[in-house]
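Structural characterization, general
Chain residues, written in single-letter form:
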Amino acid sequence: MEKAELHPRNRHRAGYDFARLVKACPELGPFLIRARHGDLTVDFADPSAVKALNRALLRAGYGVQGWDIPEGYLCPPIPGRADYVHHAADLLEGRRGPAVRVLDLGTGANLVYPLLGHAELGWSFVGTDIDEVALACAKRILAANPPFKAAIELRHQRNRKAVLGGILEPDERFDLVLCNPPFFASAAEARAAAQDKWRKLGKGPAQGSGRNFGGRGAELWCEGGEVAFIRRLIEDSAKHPKASRWFTSLVSKSANLPAVHRALRHAEAQDIRTVEMAQGQK
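Quick notes on the rules
Residues numbered from 1 in each chain as written. Predicted model: local features only at pLDDT ≥ 70, side-chain atom pairs only at ≥ 80, totals over all residues. Heavy atoms only, no water. Helix = DSSP H or I, 4+ residues; strand = E, 2+ residues; numbered from the N terminus. Expected span 1.5 Å × (residues − 1). Polar contact = N/O pair within 3.5 Å; in protein donor to acceptor, adjacent residues only side chain to side chain. Buried < 20%, exposed > 50% of the residue type's maximum accessible area, 1.4 Å probe, protein only. Pairing = 2+ DSSP bridges. Contact = heavy atoms within 4.5 Å. Core = buried A, V, L, I, M, F, W, Y, C linked by side-chain atoms within 4.5 Å. Axes fitted to C-alpha atoms, helices over the stretch in contact; angles between N-to-C directions. Parallel < 35°, antiparallel > 145°, perpendicular 65-115°, else oblique. Left-handed = near helix turned anticlockwise from the far one by under 90°. Nonpolar A, V, L, I, M, F, W, Y, C, P; charged D, E, K, R; others polar. Phe/Tyr/Trp six-rings, centres within 6.5 Å; stacked < 30°, edge-to-face > 60°. Right-handed = clockwise from strand over helix to strand, strands pointing away.

As a further point, take helix 2 (residues 47–62). Between its first and last C-alpha atoms helix 2 spans 22 Å; for 16 residues at 1.5 Å apiece the expected length is 22 Å, and the two agree. For helix 2, the side-chain oxygen to backbone nitrogen distance between the N-cap and Ser-48 is 2.9 Å, and the N-cap itself is Asp-46. Positioned one or two residues after helix 2, Gly-63 has a phi angle of 75°, which is positive.

With 6 of its 6 residues buried, strand 6 (residues 174–179) lies for the most part within the structure. As defined by bridge partners, strand 3 (residues 101–105) adjoins strand 6 across 4 bridges and the pair is classed as parallel. Among the inter-strand pairings, Leu-103 is bridged to a residue of strand 6, identified as Val-177. Two strands pair when backbone bridges link them, and strand 6 and strand 7 (residues 244–247) are joined in this way by 3 bridges, in the parallel orientation. When the bridges of strand 7 are listed, Phe-174 appears paired with Ser-244.

Let us look at the side chain of Thr-128. Along the chain, Thr-128 falls in strand 4 (residues 124–129). Contact partners of Thr-128, with chain neighbours within four places excluded, come to Leu-103, Asp-104, Leu-105, Gly-106, Thr-107, Arg-155 and Ile-167.

Take the nonpolar core next. Ranked by internal contacts, the top residues of the largest apolar core, which has 52 residues, are Trp-123 and Ile-152. Secondary-structure elements contributing two or more residues to this core are helix 1 (18–24), helix 2, helix 3 (78–91), helix 4 (112–121), helix 5 (132–143), strand 5 (152–156) and strand 6. When residues in this core are grouped by element, the largest group, 9 residues, is from helix 2. One finds Leu-105, Leu-164, Phe-174 and Leu-233 within the second-largest nonpolar core, a separate group that totals 13 residues.

To continue, consider the packing of helix 8 (residues 225–239) against helix 9 (residues 257–266). In contact at an axis separation of 10 Å, helix 8 and helix 9 are set at 15° when each is read in the N-to-C sense. Taken together, helix 8 and helix 9 sit at an angle that is classed as roughly parallel. When the axes of helix 8 and helix 9 are compared, the crossing they make is right-handed. For the pair helix 8 and helix 9, the contacting residues are Val-227, Ile-230, Arg-231 and Ile-234 in the first and Ala-259, Val-260, Ala-263 and Leu-264 in the second. A breakdown of the residues in the contact of helix 8 with helix 9 according to their chemical character gives 7 nonpolar, no polar and 1 charged.

Spatially, 5-4-3-6-7 is the arrangement adopted by the 5 strands of the open sheet, whose pairing is parallel. Only two strands of the sheet have a single partner each, and these edge strands are strand 5 and strand 7. Here the average twist between neighbouring strands, direction ignored, is 20°.

To continue, consider the environment of Gly-29. As for its position among the elements, Gly-29 is in the loop between helix 1 and strand 1 (32–34). Owing to a relative accessible area of 26%, Gly-29 belongs among the partly exposed residues under this scheme. Put simply, Gly-29 and Val-42 are 13 residues apart on the chain and 9.5 Å apart in space, counted from C-alpha to C-alpha.

With that settled, consider the packing of aromatic side chains. Following the criterion strictly, the structure yields 3 aromatic pairs and no others. Taking the centre distance of 5.3 Å and the plane angle of 85° together, the rings of Tyr-84 and Tyr-113 count as edge-to-face. With Tyr-84 in helix 3 and Tyr-113 in helix 4, this pair connects stretches of sequence that are 29 residues apart. Here Tyr-84 and Tyr-113 have matching classes, each one buried. With a centroid separation of 6.3 Å and an interplanar angle of 45°, the aromatic rings of Trp-123 and Phe-125 are classed as tilted. Taking the relative accessible area as the measure of exposure, Phe-125 reaches 3% and is therefore buried.

Here the focus is the pairing of strand 3. Counting buried positions over the 5 residues of strand 3 gives 4, a clear majority of the element. Alignment of strand 3 against strand 4, held across 5 bridges, turns out to be parallel. Counterpart to Val-102 in the pairing with strand 4 is Phe-125. Once you follow strand 3 into helix 4 and on to strand 4, the crossover reads as right-handed.

End to end, helix 3 covers 21 Å across 14 residues, agreeing with the expected 20 Å (1.5 Å per residue, within 8%). By the criterion of burial, helix 3 is predominantly enclosed, with 13 of the 14 residues buried. Immediately beyond the C-terminal end of helix 3, within one or two residues, lies Glu-93, with a positive phi of roughly 55°.

Here it is in C-alpha coordinates:
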(Lines give C-alpha, C1' and ligand atoms only; values in the text may rest on other atoms or scores of the structure.)
Protein backbone atom coordinates (compact mmCIF):
# COMPACT_ATOMS: atom_id res chain seq x y z
CA MET A 1 0.00 0.00 0.00
CA GLU A 2 1.47 3.35 -1.03
CA LYS A 3 2.13 5.84 1.77
CA ALA A 4 1.45 9.02 -0.14
CA GLU A 5 2.05 11.16 2.94
CA LEU A 6 5.77 10.39 2.82
CA HIS A 7 8.27 12.54 0.92
CA PRO A 8 8.27 11.82 -2.85
CA ARG A 9 11.91 10.67 -2.69
CA ASN A 10 11.31 8.38 0.28
CA ARG A 11 12.00 4.83 -0.92
CA HIS A 12 9.47 3.48 1.61
CA ARG A 13 6.42 5.13 0.01
CA ALA A 14 5.46 1.84 -1.63
CA GLY A 15 5.43 -0.01 1.70
CA TYR A 16 7.58 -2.98 2.67
CA ASP A 17 8.66 -5.57 0.11
CA PHE A 18 9.03 -8.41 2.59
CA ALA A 19 10.28 -10.92 0.01
CA ARG A 20 13.17 -8.60 -0.83
CA LEU A 21 13.80 -7.80 2.83
CA VAL A 22 13.95 -11.45 3.88
CA LYS A 23 16.27 -12.24 0.97
CA ALA A 24 18.65 -9.53 2.18
CA CYS A 25 18.19 -10.34 5.86
CA PRO A 26 16.96 -13.92 6.49
CA GLU A 27 16.69 -13.36 10.25
CA LEU A 28 13.58 -11.28 9.56
CA GLY A 29 11.73 -14.34 8.22
CA PRO A 30 10.62 -15.88 11.55
CA PHE A 31 8.94 -12.61 12.53
CA LEU A 32 6.62 -12.41 9.51
CA ILE A 33 2.91 -12.85 10.17
CA ARG A 34 -0.29 -12.41 8.17
CA ALA A 35 -2.29 -9.26 8.75
CA ARG A 36 -6.10 -9.38 8.83
CA HIS A 37 -6.25 -8.40 5.15
CA GLY A 38 -3.85 -11.24 4.30
CA ASP A 39 -0.69 -9.28 3.52
CA LEU A 40 2.59 -10.01 5.24
CA THR A 41 3.63 -7.82 8.16
CA VAL A 42 5.37 -8.07 11.53
CA ASP A 43 4.03 -7.67 15.06
CA PHE A 44 4.97 -4.05 15.76
CA ALA A 45 4.37 -4.66 19.46
CA ASP A 46 7.32 -7.08 19.49
CA PRO A 47 10.64 -5.24 20.02
CA SER A 48 12.60 -8.12 18.48
CA ALA A 49 10.45 -8.01 15.34
CA VAL A 50 10.88 -4.24 15.05
CA LYS A 51 14.66 -4.53 15.40
CA ALA A 52 14.80 -7.30 12.79
CA LEU A 53 12.72 -5.17 10.40
CA ASN A 54 15.04 -2.20 10.89
CA ARG A 55 18.09 -4.36 10.29
CA ALA A 56 16.55 -5.67 7.07
CA LEU A 57 15.53 -2.19 5.86
CA LEU A 58 18.98 -0.76 6.49
CA ARG A 59 20.73 -3.70 4.82
CA ALA A 60 18.44 -4.02 1.78
CA GLY A 61 17.84 -0.33 1.15
CA TYR A 62 20.99 1.41 2.34
CA GLY A 63 23.76 -1.19 2.35
CA VAL A 64 24.29 -1.09 6.11
CA GLN A 65 25.81 -4.28 7.52
CA GLY A 66 25.87 -5.53 11.10
CA TRP A 67 23.38 -3.01 12.45
CA ASP A 68 22.40 -3.63 16.07
CA ILE A 69 21.56 -1.68 19.22
CA PRO A 70 21.72 -2.56 22.94
CA GLU A 71 18.55 -3.83 24.56
CA GLY A 72 16.19 -1.02 25.53
CA TYR A 73 17.74 1.64 23.30
CA LEU A 74 15.69 3.56 20.77
CA CYS A 75 14.88 1.56 17.64
CA PRO A 76 13.76 4.27 15.18
CA PRO A 77 11.07 3.74 12.51
CA ILE A 78 13.13 4.00 9.34
CA PRO A 79 10.52 5.49 6.93
CA GLY A 80 9.89 8.47 9.19
CA ARG A 81 13.58 9.08 9.79
CA ALA A 82 14.22 8.94 6.05
CA ASP A 83 11.50 11.55 5.59
CA TYR A 84 13.34 14.00 7.84
CA VAL A 85 16.52 13.52 5.79
CA HIS A 86 14.71 14.17 2.51
CA HIS A 87 12.85 17.25 3.77
CA ALA A 88 16.14 18.58 5.15
CA ALA A 89 17.74 17.97 1.75
CA ASP A 90 15.07 20.22 0.22
CA LEU A 91 16.42 23.09 2.35
CA LEU A 92 19.78 22.51 0.67
CA GLU A 93 18.25 22.41 -2.83
CA GLY A 94 18.98 18.68 -2.97
CA ARG A 95 22.76 19.10 -2.71
CA ARG A 96 24.66 15.83 -2.60
CA GLY A 97 28.17 14.64 -1.88
CA PRO A 98 30.74 14.71 0.92
CA ALA A 99 31.20 18.47 0.75
CA VAL A 100 27.80 18.77 2.47
CA ARG A 101 28.54 18.64 6.21
CA VAL A 102 25.75 17.75 8.65
CA LEU A 103 25.70 17.83 12.45
CA ASP A 104 23.39 15.24 14.04
CA LEU A 105 22.58 16.17 17.64
CA GLY A 106 21.85 13.09 19.76
CA THR A 107 22.81 10.54 17.16
CA GLY A 108 22.05 7.64 19.51
CA ALA A 109 23.14 4.02 19.47
CA ASN A 110 21.18 3.54 16.24
CA LEU A 111 23.13 6.20 14.25
CA VAL A 112 20.16 6.35 11.92
CA TYR A 113 20.43 9.86 10.45
CA PRO A 114 24.11 9.63 9.46
CA LEU A 115 23.51 6.19 7.95
CA LEU A 116 20.52 7.34 5.91
CA GLY A 117 21.98 10.71 4.97
CA HIS A 118 25.25 9.26 3.74
CA ALA A 119 23.63 6.33 1.91
CA GLU A 120 21.03 8.47 0.15
CA LEU A 121 22.92 11.69 -0.46
CA GLY A 122 26.61 11.04 0.21
CA TRP A 123 26.70 13.65 3.00
CA SER A 124 29.45 13.84 5.63
CA PHE A 125 28.33 13.77 9.26
CA VAL A 126 29.36 14.59 12.80
CA GLY A 127 27.15 12.73 15.29
CA THR A 128 27.03 13.75 18.95
CA ASP A 129 25.63 12.15 22.08
CA ILE A 130 25.91 12.40 25.86
CA ASP A 131 25.60 8.61 26.26
CA GLU A 132 28.94 6.81 25.99
CA VAL A 133 27.24 3.40 25.65
CA ALA A 134 25.29 4.73 22.66
CA LEU A 135 28.46 6.11 21.09
CA ALA A 136 30.27 2.80 21.62
CA CYS A 137 27.45 1.02 19.76
CA ALA A 138 27.57 3.61 16.96
CA LYS A 139 31.32 2.99 16.65
CA ARG A 140 30.69 -0.74 16.27
CA ILE A 141 28.22 -0.07 13.46
CA LEU A 142 30.79 2.11 11.69
CA ALA A 143 33.52 -0.51 12.16
CA ALA A 144 31.31 -2.97 10.25
CA ASN A 145 30.75 -0.43 7.44
CA PRO A 146 34.04 1.11 6.23
CA PRO A 147 32.43 3.36 3.55
CA PHE A 148 30.25 4.93 6.24
CA LYS A 149 33.09 5.15 8.77
CA ALA A 150 35.08 7.34 6.41
CA ALA A 151 32.20 9.85 6.25
CA ILE A 152 30.90 9.86 9.84
CA GLU A 153 32.67 11.27 12.89
CA LEU A 154 31.39 10.77 16.46
CA ARG A 155 31.81 13.24 19.33
CA HIS A 156 30.95 12.90 23.01
CA GLN A 157 28.92 15.78 24.48
CA ARG A 158 30.12 15.92 28.09
CA ASN A 159 27.88 18.80 29.17
CA ARG A 160 24.31 17.50 29.62
CA LYS A 161 22.93 21.05 29.58
CA ALA A 162 24.67 22.12 26.38
CA VAL A 163 23.59 21.44 22.80
CA LEU A 164 26.21 23.01 20.52
CA GLY A 165 28.60 24.25 23.19
CA GLY A 166 31.57 21.95 23.74
CA ILE A 167 30.96 20.22 20.40
CA LEU A 168 31.83 22.82 17.79
CA GLU A 169 35.45 23.34 16.89
CA PRO A 170 36.71 26.91 16.34
CA ASP A 171 35.34 28.37 13.09
CA GLU A 172 33.70 25.03 12.20
CA ARG A 173 30.94 25.25 9.59
CA PHE A 174 28.06 22.93 8.74
CA ASP A 175 25.42 23.09 6.04
CA LEU A 176 22.74 21.54 8.22
CA VAL A 177 21.97 20.63 11.83
CA LEU A 178 19.55 17.76 12.50
CA CYS A 179 17.89 17.24 15.86
CA ASN A 180 15.32 14.73 17.11
CA PRO A 181 14.80 16.03 20.66
CA PRO A 182 13.48 14.09 23.66
CA PHE A 183 9.69 14.32 23.49
CA PHE A 184 8.86 14.14 27.20
CA ALA A 185 9.47 16.24 30.30
CA SER A 186 9.92 13.35 32.75
CA ALA A 187 10.38 9.60 32.97
CA ALA A 188 6.81 9.32 34.30
CA GLU A 189 5.42 11.17 31.28
CA ALA A 190 7.40 8.90 28.95
CA ARG A 191 6.05 5.78 30.72
CA ALA A 192 2.47 7.04 30.51
CA ALA A 193 2.81 7.70 26.78
CA ALA A 194 4.31 4.24 26.29
CA GLN A 195 1.44 2.59 28.18
CA ASP A 196 -1.08 4.47 26.05
CA LYS A 197 0.69 3.39 22.86
CA TRP A 198 0.76 -0.21 24.08
CA ARG A 199 -3.00 -0.13 24.68
CA LYS A 200 -3.58 1.25 21.17
CA LEU A 201 -1.66 -1.74 19.84
CA GLY A 202 -4.26 -3.92 21.57
CA LYS A 203 -1.77 -5.59 23.88
CA GLY A 204 -3.24 -4.66 27.25
CA PRO A 205 -1.07 -3.46 30.15
CA ALA A 206 2.57 -3.14 29.17
CA GLN A 207 5.43 -4.81 30.94
CA GLY A 208 8.39 -2.58 31.82
CA SER A 209 8.58 0.47 29.60
CA GLY A 210 6.07 -0.96 27.15
CA ARG A 211 7.85 0.68 24.24
CA ASN A 212 8.05 -1.49 21.16
CA PHE A 213 10.54 0.98 19.68
CA GLY A 214 12.52 1.20 22.92
CA GLY A 215 14.23 4.27 24.27
CA ARG A 216 15.80 5.15 27.57
CA GLY A 217 16.83 8.16 29.62
CA ALA A 218 17.91 11.11 27.53
CA GLU A 219 16.52 9.50 24.36
CA LEU A 220 13.00 10.01 25.71
CA TRP A 221 12.91 12.88 28.17
CA CYS A 222 14.68 15.94 29.52
CA GLU A 223 13.76 18.65 32.00
CA GLY A 224 11.17 20.86 30.32
CA GLY A 225 10.60 18.35 27.54
CA GLU A 226 10.78 18.95 23.82
CA VAL A 227 10.13 22.70 23.92
CA ALA A 228 12.87 23.33 26.49
CA PHE A 229 15.39 21.33 24.46
CA ILE A 230 14.55 23.16 21.23
CA ARG A 231 14.78 26.49 23.04
CA ARG A 232 18.32 25.57 24.12
CA LEU A 233 19.16 24.70 20.53
CA ILE A 234 17.77 28.06 19.38
CA GLU A 235 19.74 29.92 22.05
CA ASP A 236 22.92 28.08 21.12
CA SER A 237 22.34 28.71 17.42
CA ALA A 238 22.06 32.43 18.16
CA LYS A 239 25.43 32.26 19.91
CA HIS A 240 26.94 30.43 16.93
CA PRO A 241 24.99 31.87 13.97
CA LYS A 242 27.67 31.01 11.42
CA ALA A 243 28.06 27.40 12.59
CA SER A 244 25.40 26.16 10.17
CA ARG A 245 23.39 27.35 7.21
CA TRP A 246 20.27 25.67 8.62
CA PHE A 247 19.39 24.64 12.17
CA THR A 248 16.48 22.17 12.14
CA SER A 249 14.54 20.07 14.63
CA LEU A 250 11.63 17.69 14.66
CA VAL A 251 8.62 18.85 16.67
CA SER A 252 6.32 16.04 17.80
CA LYS A 253 3.19 18.08 18.61
CA SER A 254 1.70 21.00 16.73
CA ALA A 255 0.72 22.43 20.13
CA ASN A 256 4.42 23.04 20.78
CA LEU A 257 4.92 25.14 17.65
CA PRO A 258 3.79 28.54 19.06
CA ALA A 259 6.41 28.35 21.84
CA VAL A 260 9.09 27.34 19.34
CA HIS A 261 8.14 30.18 16.99
CA ARG A 262 8.24 32.70 19.86
CA ALA A 263 11.75 31.55 20.76
CA LEU A 264 12.83 31.85 17.12
CA ARG A 265 11.46 35.39 16.84
CA HIS A 266 13.13 36.33 20.12
CA ALA A 267 16.43 35.03 18.71
CA GLU A 268 15.78 37.14 15.57
CA ALA A 269 15.93 34.16 13.23
CA GLN A 270 16.03 35.42 9.65
CA ASP A 271 14.26 32.53 7.90
CA ILE A 272 11.73 30.35 9.73
CA ARG A 273 10.11 27.40 7.97
CA THR A 274 7.63 24.89 9.33
CA VAL A 275 7.36 21.69 7.29
CA GLU A 276 4.51 19.25 7.85
CA MET A 277 5.72 15.66 7.93
CA ALA A 278 4.34 12.15 8.43
CA GLN A 279 6.14 10.57 11.38
CA GLY A 280 4.12 7.44 12.15
CA GLN A 281 1.04 8.52 14.09
CA LYS A 282 2.48 11.95 15.01
